[in-house]
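Residue strings, one per chain:
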Amino acid sequence: MTRVMAESEMDSMAFYQRGQVATSPSLGELLKFVGDIRKEANGDETPAHRVLEMSETSNEPRSLPFVLKFNNLTYSVKVRRKMGMPSLFGGRERLGDSSVGNEHMFSRSKVLLNDISGEARDGELVAVLGASGSGKSTLIDALANRIAKGSLKGSVTLNGEQLESRLLKVISAYVMQDDLLFPMLTVEETLMYAAEFRLPRTLSKSKKKLRVQALIDQLGIRNAAKTVIGDEGHRGVSGGERRRVSIGIDIIHDPIILFLDEPTSGLDSTSAYMVVKVLQRIAQSGSIVMMSVHQPSYRLLGLLDRLLFLSRGQPVYNGSPADLPLFFADFGRPIPDKENRTEFALDLIRELEGTPGGTRRLVEFNKTWQNLKQSLNGNETPTHGLTLKEAISASISRGKLVSGAGANNGSNPASMVPTFANPMWTEMAVLAKRSFKNSRRMPELFGIRLAAVTITGFILATVFWNLDNSPRGVQERLGFFAFAMSTTFYTCADALPVFLQERYIFMRETAYNAYRRSSYVLSHSLVAIPSLIFLSLAFAAITFWAVGLAGGVSGFIFYFFVILASFWAGSSFVTFLSGVVPQVMLGYTIVVAILAYFLLFSGFFITRDRIPGYWIWFHYLSLVKYPYEAVLQNEFDDPIKCFIRGTQIFDNSPLAAVDDAVKAKLLQSMSGSLGVNISGTTCLTTGVDILKQQGITDLSKWGCLWVTVAWGFFFRVLFYLCLLVGSKNKRR
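Remember, it's a predicted structure, so these values are computed and weren't measured experimentally.

Mind showing me how you'd approach the overall build of the protein here?
Secondary structure assignment for the protein yields 27 helices and 12 strands. Taken across its 732 residues, the protein has 52% of its residues classed as buried. Residue pairs in contact within the protein that sit at least 24 positions apart in sequence constitute 77% of those at least 6 positions apart. Of the roughly 33,000 Å² of accessible surface on the protein, 57% is carried by carbon and sulfur atoms.

Structural data, given as structure tokens:
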């Protein structure tokens, strides 16, 4: 099939070859040509699978070139430093020395990119090289729109048209330096989930699987397809295979532009070569591939099509690896025979950086050399007169950019490709499925949480076993409820590292519109509910009957719902904090402290009417207040049930040790004074009286329950806003 396609392209090359036609082909003619090729090969073949087969065997010149140009990119940031003042004994302390007592702050602009221009074409593998701090990653970030526009000057165009942020997100992909993957998913599962996110739902499940299998073959990871990714505690794939999987999940939709930040970092020479070989095949499939490389080996140099050397944010060479010897020979520093060209160039750049003049002379020579080269070769861009819209449309027809297969054909190039490949409900289903599978393979996480809840419930049940209705029993009930409600919140602290571990995976996936942030928040919330129901049922079943709480079956059901609402509110609160706090230990410290404040102002230690006015606002913000009041009302809302009778009124007073006969006389005396007959069986305090004593008069028990649930939704909304603001970063 591939051979037939290649022959069809060869037969029609005269129609497209540069300089051999007087007029450029129209979009209709172009699409007709592409359709004819497909019919000759296999009429119903999916483009998602075909493009890989073409890329691996066809080395013919591309007839629909994309040219990415960047002109005069300049980027600077302000750096604040401490300047030490002259010491008493002469001399001046070092800048930034924190031991200096007499210091002042000053700021200056540090230029990270300085007037960088260049271009990259589809089919080419472009490498940005330089020493640490030269601006390699910054340039890749600038081209990938990961730097705030206000601080970046210059232009980035594709086929002569300015690249919009929305369009760039859907036609490009960015591979971070770190491999951010779920450790308990296999290679095949990881790529399949990426396919479900990035490929449209109009593409059948079988064709998505074909796309994944073809990608596995292209990446050269067939032997590891059924192996889990692994982490420090689980053995998995090798470093090179993990890096190729990271590349695979970002190219599953076959993007037109691929940016990579040091994809060979941390790999041995063989693994690095295999990774770059994969990138070369991706470029040959019709993509623009740009990557930063710290120091490529001799073997890697043979795979690269264009090099861009940087020194302190300035370009010192831009061109083909084959032109390096001529460039440095013209500069007066010829490359010795049998020496690695890139190593020689990097060593020379470091040497010049250490001189007083730095690399200024090399930078100026590069400008002159580039101008001379352009004047000799011409500056024509081989786009065949195609606009960006026409080129993208034709590329989609060829099988590129699979997520745009069902896009509409608007006048704006950005409208040709959908922002998201799937609707929200599909994204939520895939996210939930992935989360359940990852959690199922790490049962110890839920097991530990269940064990904590079960053990706590067992201890509470045995300590507060079968409480009576005496005044002391009332106090013990209040203590049980306060501890039980606070426990439900504290046991939710284990939700803190969940998002912290997924944060950068989430940022990578949403940065280029794999799914909506709202889909992640909703899925994250729904996935948490089944485990919360199970935990709530276990805790309620262990404690309700053993402690002897009131209400029967209906009381147990309400008690269960209050526990569930508490878990929901606590989990939402901790999830929100995980979106704000970047570190696990700092997050735990904040969670423990705030939950302690919630318990303090819940109304157990000090009732509402005794809380100082300047702290009463914290009482109403306390998450423990509402479930605590709800279970108290569930326990004491019976106006008939009595908790203090006759002489029991003295139980919590210094008269508790007095003989019963004396207590009876005291009751008779009180009866005479009050004009009311008080006997040993007279009910003096009902459950309603206890609620009034505790200051629980604002809301009904159902009102407290719904307020608790509402707190959970409120913190989920705050979590979404945190993601909306925090994940729109332009830097990693």
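What's the story with the state of the cysteines in this structure? I'm lost.
Here is the idea: a disulfide is a covalent bond, and it sits between the sulfur atoms of two cysteines. For the structure on display, the rule yields one disulfide. One disulfide in the model links Cys642 with Cys683; its S-S distance is 2.2 Å. Looking down the S-S bond of the Cys642 and Cys683 bridge, the torsion is 110°, so its handedness is right-handed. Of this pair, Cys642 sits in strand E11 (residues 642–645) while Cys683 sits in strand E12 (residues 683–686); the two residues are 41 residues apart in sequence, bridging distant segments of the chain. Residue classification places Cys642 among the buried residues on the basis of a relative accessible area of 10%.

How do you make sense of unusual backbone geometry when you look at a structure like this?
A positive phi is found at Asn145, a non-glycine position, where the angle reads about 65°. Take Asn145: it is sitting in the loop between helix H5 (136–143) and strand E4 (152–158). Among the residues examined, Asn145 registers a relative accessible area of 15% and is labelled buried. You will see that Arg312, though not glycine, has its phi angle at about 50°, which is positive. The residue Arg312 is located in the loop between strand E9 (306–311) and strand E10 (314–319) in this model. Given a relative accessible area of 53%, Arg312 falls into the exposed group.

Whenever I open this one, the side chain of Thr708 confuses me. Can you help?
Mapped onto the elements, Thr708 comes out in helix H27 (residues 701–726). Apart from residues no more than four positions distant in its own chain, Thr708 is found in contact with Ala565, Ser566, Trp568, Ala569, Tyr626 and Pro627.

Would you explain the sheet that holds strand E3 (residues 125–129) in this entry?
Paired through their backbone hydrogen bonds, the strands of a sheet run either parallel or antiparallel. Spatially, E6-E7-E8-E3-E9-E10 is the arrangement adopted by the six strands of the open sheet, whose pairing is mixed. Single-partner strands in this sheet number two, and they are strand E6 (172–175) and E10. The average undirected angle you get between the axes of adjacent strands in this sheet is 15°. Sheet analysis places E3 next to strand E8 (residues 288–293), joined by five bridges and oriented parallel. Counted as the bridge partner of Ala127 is Met291 from E8. In the packing of helix H13 (residues 341–353) onto the sheet, contacts are made with E3, E9 and E10, and the angle to E9 comes to roughly 20°.

Would you take a moment to explain the pairing of E6 for this structure?
For a regular strand, side-chain orientation follows a simple rule: the groups alternate between the two sheet faces. In E6, alternate side chains face the same way, and those of Ser172 and Tyr174 on one face and Ala173 and Val175 on the other are all buried. Two elements, E6 and strand E7 (residues 257–261), share four bridges in a ladder whose sense is parallel. Bridge pairing in E7 places Ala173 opposite Leu258.

Looking at this structure, how should I read the packing of aromatic side chains?
The geometry of an aromatic ring pair is captured by two quantities: the separation of the ring centres and the angle between the planes. Going through the model one piece at a time under the given rule, you end up with 41 aromatic pairs. Seen from their ring centres, Phe197 and Tyr515 are 4.8 Å apart, and the 50° between their planes marks the pair as tilted. Placement of the pair is Phe197 in helix H7 (residues 187–198) and Tyr515 in the loop between helix H19 (496–511) and helix H20 (517–547), with a sequence separation of 318 residues. Each member of the pair, Phe197 together with Tyr515, is buried. With centroids separated by 5.3 Å and ring planes inclined at 55°, the aromatic side chains of Phe560 and Phe561 adopt a geometry described as tilted.

Before we go on, may I ask you to explain the pairing of E8 in this structure?
With respect to burial, E8 is a largely interior element, six of its six residues being buried. Here E7 pairs with E8 via five bridges, running parallel. Across the sheet, residue Leu260 finds its bridge partner in E8, namely Met291. Chirality of the crossover, the property in question, places the unit of E7, helix H10 (residues 269–284) and E8 among those that are right-handed.

Honestly, the nonpolar core in this entry has me stumped. Any pointers?
Buried together is how nonpolar side chains tend to be arranged in soluble globular proteins. Counting residues in hydrophobic clusters, the biggest one holds 119 residues, and the most contacted among them are Ile257, Phe259, Met290 and Tyr559. It is helix H21 (residues 552–580) that contributes the most residues to this core, 15 residues altogether. Those residues in contact with Ile257, other than ones at most four positions away along the chain, are Leu68, Leu158, Leu163, Leu168, Ile171, Ser172, Ala173 and Ile288. Ranked by size, the runner-up nonpolar core spans 62 residues in total, among them Val187, Leu260, Ile335 and Ala345.

In this structure, what is going on with a nonpolar patch on the surface? I would like to understand it.
A cluster of nonpolar side chains, contributed by Ile455, Phe458, Ile459 and Val463, occupies part of the molecular surface with about 420 Å² of accessible area. A relative accessible area of 58% means that Val463 is categorised as exposed.

Sorry if this is basic, but what is going on with the side chain of Thr686 here?
Here Thr686 lies in strand E12. With relative accessibility at 15%, the residue Thr686 sits in the buried group.

It is not clear to me how the packing of H7 against helix H8 (residues 205–219) should be interpreted in this structure. Could you clarify?
Helices that pack against each other are described as a pair by the angle of their axes relative to one another and the distance between those axes. For the pair H7 and H8, interaxial distance at closest approach is 10 Å and the crossing angle is 130°. Classified by the interaxial angle, the pair formed by H7 and H8 is oblique. Crossing geometry of H7 relative to H8 is assigned as right-handed. Of the residues in H8, those touching H7 at Glu188, Leu191, Met192, Ala195 and Glu196 are Lys205, Lys208, Lys209, Val212, Gln213, Leu215, Ile216 and Leu219. Of the residues contributing to the contact of H7 with H8, the split by class is seven nonpolar, one polar and five charged.

I keep staring at the pattern of salt bridges and nothing clicks. Help me out?
A pair can form between side chains of opposite charge whenever their charged atoms are brought close. The full count for this structure, using the stated rule, is 23 salt bridges. With a shortest N-O distance of 3.9 Å, Glu262 and Lys136 are connected by a salt bridge. Placement of Glu262 in the loop between E7 and H10 and of Lys136 in helix H5 is noted, with a sequence separation of 126 residues between them. Take Glu262 and Lys136: they sit in the same class, and that class is buried. With its nearest N and O atoms 3.4 Å apart, the salt bridge here joins Arg146 to Asp141. When its relative accessible area of 6% is taken as the criterion, Arg146 is described as buried.

Hey, could you run me through the environment of Ser151 in this one?
Relative to the elements of secondary structure, Ser151 occurs in the loop between H5 and E4. Spatially, the C-alpha atoms of Ser151 and Thr74 are 8.4 Å apart, while their sequence positions differ by 77 residues. Among residues more than four places away in sequence, those in contact with Ser151 are Thr74, Tyr75 and Ser76.

Where do I start with the packing of helix H9 (residues 239–250) against H10 in this structure?
Axis separation between H9 and H10 bottoms out at 9 Å; the angle between their running directions is 20°. Taken together, the axes of H9 and H10 lie roughly parallel to each other. As for how H9 packs across H10, the hand of that crossing is right-handed. The residues of H10 that touch H9, namely those facing Gly240, Arg243, Arg244 and Ile247, are Ser271, Met274, Val275, Val278, Leu279 and Ile282. Split into classes, the residues belonging to the contact of H9 with H10 amount to six nonpolar, two polar and two charged.

So what exactly am I meant to see when it comes to H21 here?
Since there are 3.6 residues in each turn of an α-helix, residues three or four apart along the chain are aligned in direction. Taking 1.5 Å of rise per residue, the 29 residues of H21 would be expected to cover 42 Å, and the 42 Å separating its terminal C-alpha atoms lies within 8% of that figure. With 23 of 29 residues buried, H21 is to be regarded as a mostly interior element.

Each value, and the rule that gives it
- Residues numbered from 1 in each chain as written.
- Predicted model: local features only at pLDDT ≥ 70, side-chain atom pairs only at ≥ 80, totals over all residues.
- Heavy atoms only, no water.
- Helix = DSSP H or I, 4+ residues; strand = E, 2+ residues; numbered from the N terminus.
- Buried < 20%, exposed > 50% of the residue type's maximum accessible area, 1.4 Å probe, protein only.
- Contact = heavy atoms within 4.5 Å.
- Areas by Shrake-Rupley, 256 points an atom, 1.4 Å probe, with all protein chains shown as cover.
- Disulfide = S-S within 2.5 Å.
- Pairing = 2+ DSSP bridges.
- Axes fitted to C-alpha atoms, helices over the stretch in contact; angles between N-to-C directions.
- Phe/Tyr/Trp six-rings, centres within 6.5 Å; stacked < 30°, edge-to-face > 60°.
- Right-handed = clockwise from strand over helix to strand, strands pointing away.
- Core = buried A, V, L, I, M, F, W, Y, C linked by side-chain atoms within 4.5 Å.
- Patch = residues over 30% accessible without salt bridge, like charges linked within 9 Å, V, L, I, M, F, W, Y side chains within 5 Å.
- Salt bridge = Lys/Arg side-chain N within 4 Å of Asp/Glu carboxyl O.
- Parallel < 35°, antiparallel > 145°, perpendicular 65-115°, else oblique.
- Left-handed = near helix turned anticlockwise from the far one by under 90°.
- Nonpolar A, V, L, I, M, F, W, Y, C, P; charged D, E, K, R; others polar.
- Expected span 1.5 Å × (residues − 1).

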